[in-house]
Amino acid sequence: MLEKIVFKDKLDGLLDKLGREYGLFAPVKDGIHTVWTAVFKAGDLDWNFTNTDLSPKGFLFPQTECMLVFENDPGSTEGMILKQPEPEDRPKALFNIRPCDAKAFAVLDLVFEQDPEKPDVYWKEKRGKTLLLGLACNNPCPACFCTSVNCGPHHTDGLDILMQDLGDRLLLTPVSPRAEGFISDLDHASEKDIKLASELEQKAVGMIKGRVNMENIQAGSIIDVFEHSAWERLHESCINCGTCTFYCPTCHCFDIQDETSGVYGRRVRNWDTCMSPLFTLHASGHNPRGGKLARFRQRFMHKFKYMPFRLKGALGCVGCGRCTQKCPVNIDVRHVVNKINNN
Amino acid sequence: MQELIKQIRDSARQLLEEGKVHCVIGYRQGSIPMRAQPYFAYTPEEADNLTWSCFCTHNLAKYLIGRKEPSAIVAQGCVTRNIAGLIQENQVKRENIFILGLNSPGMIDHRRVQARLPGKIIHEVLEVSDHLVISGPGFEEKFLKRDVKRDNCYTCTNRNPVIYDQLIGEKGEETGGGNIDKVAAPWEGLGSDERWKRFQETFKECIRCYACRDACPLCYCRECFVDESRPQWCGKTVDESDVYAFHILRAFHCAGRCTDCGACESACPVGIKMRRLTSKIEKDIREMYGFTPGLDTEAIPPLSVYRPDDSEEFMRK
Ligand code: SF4
Ligand code: SF4
Ligand code: SF4
Ligand code: SF4
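All chains use their own residue numbering, which begins from 1 and follows the written sequence. Naming scheme: in the order in which they are written, chains are lettered from A and ligands are numbered from 1. Restriction of local features to residues with pLDDT of at least 70 applies here, the model being predicted, together with a cutoff of 80 or more for giving and counting side-chain atom pairs; totals for whole chains, interfaces and linings are based on all residues. Working from all heavy atoms in the structure, the side-chain values ignore hydrogens and water.

S.K.: Could you clarify how one ought to interpret the overall build of chain A in this entry?
M.R.: Each helix is a run of H or I in the DSSP string that is no shorter than four residues. Each strand is a run of E no shorter than two, and both are numbered from the N terminus. Check the secondary structure of chain A and you find 13 helices and twelve strands. Relative to a compact globule of 343 residues, whose C-alpha radius of gyration would be 20 Å, chain A shows 22 Å and is just as compact. Its C-alpha atoms give chain A principal-axis dimensions of roughly 65 × 65 × 40 Å. The 343 residues of chain A split such that 55% are buried. Contacts are residue-level and defined by heavy atoms, with any inter-residue pair within 4.5 Å sufficient. Summarising the internal contacts of chain A: among those between residues at least 6 apart in sequence, 73% fall at separations of at least 24. For chain A, the distance from the average position of its 42 positive side-chain charges to the average position of its 44 negative side-chain charges is 5 Å. Here the globule rule reads 2.2 Å times residues to the power 0.38, and the radius of gyration is calculated from C-alpha atoms. Note on exposure labels: buried denotes an accessible area under 20% of the residue type's maximum, exposed denotes more than 50%, and partly exposed covers the range between, all computed with a 1.4 Å probe on protein chains only. A positive count includes Lys and Arg, and a negative count includes Asp and Glu. His and the chain ends are not counted in either. Positions of charges follow a simple convention, taking NZ of Lys, CZ of Arg, CG of Asp or CD of Glu.

Okay, structure coming up:
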């Protein structure tokens, strides 16, 4: 039996142990927002949040990330100098990460490490060092639909440890081997607590009313889905901002820029968004996704058709509902997918 | 409210039946609490999806830009002012639009509602006359609407439509009651260090999603300065200097044109109060030029004028 139990007011031992190796971060409320914040002791933790506003993807894929610094002084005998930026000093542990966000990391692994010979080194370096201690959802929010998209409120994909909240105590289940050492000295969980956790899971699953259906999207040809007549009406109110893509835990497009000042410079990559016309603008002036409809369609096609097609069925959506909540014009991903699924 | 919704639907249905317009731009019920979705009704049947509430925070004037077919639009005070501005700037043809004007009830800031219910998951919010009834797992609360309005709606100067073809309901209170000049420039009296500090605090969390720009009916440049690459005016990172440059430039581009509709603040996913810049600029425009944007489809905004006899020498040369 692998499950362990720890009382919330006795968490300091575990946090200390983690803190010796990792910088600890957890969702904490800041006004009406819930944000990833550095935490040090059990008293810093919040047990009453739905999910963070911004997803944790920025820990492994920062919105602005320096890839290299360079110096190109024609007068110098050293020639052109390229240097790696200093790596982060301490690995991080994300405490109380929600299962959907951990699942999103697992999805992004498929993207950034799809070719094991040539992984995205910036992602891989941080991902390998980051420990994920997930907190299962007992009270899913109204925009969530994780159970329709290969995820669930108590799912373990991507996690190192799953923690289920039993009120005054947590049931801990190790998922990856590297997690076991941290919880080996905790008490074994009772059968009763294990049963209680699975009841909480059933209850949480039952609370998720949002559903998306994708059978026809999956079965149809790319061209049929692409040319679906519903895109026309669905895209109308979209203002083509980047909000949905920036908040999405699985959106991963970026743009690379060189910033120079005299002979010095740095290469940075920034989150980019398929909603922006600039995203696909060619140097010639031609834009293959010149219209709003084409850009709107791309976001959904990518998540629900191209990614599963390229990545052995993996969806580019984990059902967290952030895009629906943050969209200024309330475009609801569930509505869009269900409409496109009707043929 | 029910009466207004009925009138909007009836008028929209009639306009569509008679073929007077190709589409009616309004709102429909949102999919999550405290949201209304911009909606385009093309058939008399679709007119029945239209609704009206105190959650209609988006500025629908934005959707008139570039529309070729005659369209009707549901528009409260500020939105009609933006329509007037778009007519003046030749972006919209007056004869091409049919304005269903109505008095604004003052729109709700959903963040204010959430702020009063820390940690609560809101499942439903109903409008009951001048109250909101908010409920979720294990709670029900009742708030006065006027306590949870958007900042700009407290100081609104034109709740009634400025231009319209048909009035929905009746005209009502003209203002939100607050004194715009008192709150428009919260940093005006501060020293420059303190002002800089407030400015940084206000904007530092911006993620540059550009929802503020894309929601704003003033922002219709074919290529926005932040997207220009030859030359690139503005860096692309979320480093402070790039974020601040974006916001300062954006605010100046709105000068003398902004109607304080609040769509930018409502759209922002972070809750950034970017009106602290634009409302200060609009106050200056009122005080220096005696000009209020969007009251007249003919009036040229002061910063769009060039006069050979300008009193400033640098302008003449
Ligand atoms: S598409 Fe929306 S619901 Fe799906 S993972 Fe992204 S933000 Fe969450
Ligand atoms: S779907 Fe919503 S958040 Fe996404 S680009 Fe369109 S308006 Fe912005
Ligand atoms: S909407 Fe908010 S976060 Fe997005 S660019 Fe504007 S101020 Fe920044
Ligand atoms: S800047 Fe903001 S308040 Fe002013 S017109 Fe644009 S959206 Fe409205």
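S.K.: Please clarify how the domain arrangement of chain B should be interpreted in this entry.
M.R.: All names here are of chain B. Examined at the domain level, chain B breaks down into domain 1 (2–109 + 149–306) and domain 2 (110–148). Note that domain bounds follow an automatic or database assignment of domains. Look at where the C-alpha atoms of domain 1 and domain 2 centre, and you get two points 25 Å apart. On the side of domain 2, 14 residues touch domain 1, which itself brings 17 residues to the contact. Buried surface area refers to the total accessible area, computed with a probe of radius 1.4 Å, that the two partners give up upon joining, counted for both partners together. When domain 1 packs against domain 2, the two sides together hide about 1,300 Å² of surface, and 51% of this comes from carbon and sulfur. In what follows, salt bridge is the name for a side-chain nitrogen of Lys or Arg lying within 4 Å of a carboxyl oxygen of Asp or Glu. The tally of links from domain 1 across to domain 2 stands at two salt bridges. Across the pair Arg112 and Asp151 runs a salt bridge, and its minimum N-O distance is 2.5 Å. Of all the secondary-structure elements, those providing two or more residues to the side of domain 1 that touches domain 2 are helix H4 (151–154) and helix H9 (263–267). Polar here means any residue outside two lists: the nonpolar Ala, Val, Leu, Ile, Met, Phe, Trp, Tyr, Cys and Pro, and the charged Asp, Glu, Lys and Arg; Gly therefore counts as polar. Broken down by class, the residue content of the side of domain 1 that touches domain 2 amounts to seven nonpolar, three polar and seven charged.

S.K.: Looking at this model, I keep getting lost on helix H4 (residues 121–129) of chain A. Mind explaining?
M.R.: Residue and element names in this part refer to chain A. Those residues of H4 that sit buried are Trp123, Lys126 and Arg127. Looking straight down H4, one finds its buried side chains confined to an arc of 100°; they lie on one side. Between the side-chain oxygen of the N-cap and the backbone nitrogen of Tyr122 there are 3.2 Å, and the N-cap of H4 in question is Asp120. Starting at the helix axis, one direction is taken to each C-beta atom, and the arc is that of these directions. We define a polar contact as two N or O atoms separated by no more than 3.5 Å, with the added condition that, inside protein, one atom must be a possible hydrogen donor and the other a possible acceptor, whereas residues neighbouring each other in sequence contribute only through side-chain atom pairs.

S.K.: Looking at this structure, how should I read the sheet that holds strand E8 (residues 166–168) of chain B?
M.R.: Remark on secondary structure: sheet strands pair via backbone hydrogen bonds, oriented parallel or antiparallel. Residues and elements named next belong to chain B. Taken together, the five strands give an open sheet; going across it, the order is E2-E1-E3-E4-E8, and neighbouring strands pair in mixed fashion. In this open sheet, the two strands that pair with only one neighbour each are strand E2 (36–41) and E8. Looking at each pair of strands side by side, their axes are set apart by 30° on average, direction ignored. Pairing geometry for strand E4 (residues 97–102) and E8, over three bridges, is parallel. In short, DSSP must find at least two bridges between two strands for them to pair. Between N-to-C directions, angles cover 0 to 180 degrees, with each direction set by a line fitted to C-alpha atoms, over the stretch in contact for helices.

S.K.: I would appreciate a short explanation of the packing of helix H6 (residues 192–203) of chain B against helix H8 (residues 240–253) of chain B in the present structure.
M.R.: When two helices pack together, their arrangement is given by the angle between the helix axes and the distance between those axes. Residue and element names in this part refer to chain B. One can describe the packing of H6 onto H8 by two numbers: an axis separation of 11 Å at closest approach and a directional angle of 95°. The angle between H6 and H8 places the two elements in the roughly perpendicular class. Contacts from Trp196, Phe199, Gln200 and Phe203 in H6 reach Glu240, Val243, Tyr244, His247 and Ile248 in H8. A per-class count over the contact of H6 with H8 returns six nonpolar, two polar and one charged. Roughly parallel refers to an angle under 35 degrees, roughly antiparallel to one over 145, roughly perpendicular to one between 65 and 115, and oblique to any angle outside these ranges.

S.K.: Before we go on, may I ask you to explain the packing of aromatic side chains in this structure?
M.R.: Given two aromatic rings, one states the distance between the centres and the angle between the planes to describe the pair. Residue and element names in this part refer to chain B. Centres within 6.5 Å are what make two rings of Phe, Tyr or Trp a pair, Trp counting through its six-membered ring; a difference in plane orientation under 30 degrees is then read as stacked, over 60 as edge-to-face, and the rest as tilted. Evaluation of the coordinates by the stated rule reveals 20 aromatic pairs over all chains. Judged by centre distance (5.1 Å) and plane angle (50°), the rings of Phe199 and Phe203 are tilted. Separated by four residues within a single helix, Phe199 and Phe203 lie in helix H6, roughly one turn from each other. According to the relative accessible area criterion, Phe203 is buried, its value standing at 0%.

S.K.: Teacher, can you tell me more about the environment of B:Val24 here?
M.R.: Residues and elements named next belong to chain B. Inspection of the secondary structure assignment puts Val24 in strand E1 (residues 23–29). Remark: the alpha-carbon pair of Val24 and Ile87, spanning 63 residues in sequence, is separated by 18 Å. With sequence-adjacent residues up to four places away left out, Val24 is seen in contact with Ala12, Leu16, Tyr39, Phe40, Ala41, Leu50, Ala72 and Leu100.

S.K.: Help me out: how do you make sense of a nonpolar patch on the surface in this one?
M.R.: All names here are of chain B. Together, Met288, Tyr289 and Leu303 give the surface a local cluster of nonpolar side chains, amounting to about 360 Å² of exposed area. Within the secondary structure, Tyr289 is located in helix H10 (residues 275–289). Note on Tyr289: relative accessible area 47%, which makes it partly exposed. Patch definition: residues above 30% relative accessible area lacking any salt bridge, with like charges linked at up to 9 Å and the nonpolar side chains Val, Leu, Ile, Met, Phe, Trp and Tyr linked at up to 5 Å. Areas reported here follow the Shrake-Rupley algorithm with a probe of radius 1.4 Å; residue values treat only the protein chains shown as occluding.

S.K.: Which parts of the structure should I look at to understand the pattern of salt bridges?
M.R.: Side-chain pairs of opposite charge can arise whenever the charged atoms involved come near each other. All names here are of chain B. Within the structure shown, the criterion is met by 45 salt bridges over all chains. The closest approach of N and O atoms between Arg13 and Asp10, which form a salt bridge, is 3.1 Å. Within this pair, Arg13 and its partner Asp10 are both found in helix H1 (residues 2–17), separated by three residues, close to a single helical turn. Glu287 serves as the salt-bridge partner of Lys283, at 3.5 Å between the closest nitrogen and oxygen. With Lys283 and Glu287 both in helix H10, this residue pair falls four residues apart, about one helical turn. Here Lys283 falls in the buried class, since its relative accessible area comes to 7%. Classification of Glu287 by relative accessible area gives exposed; the value is 53%.

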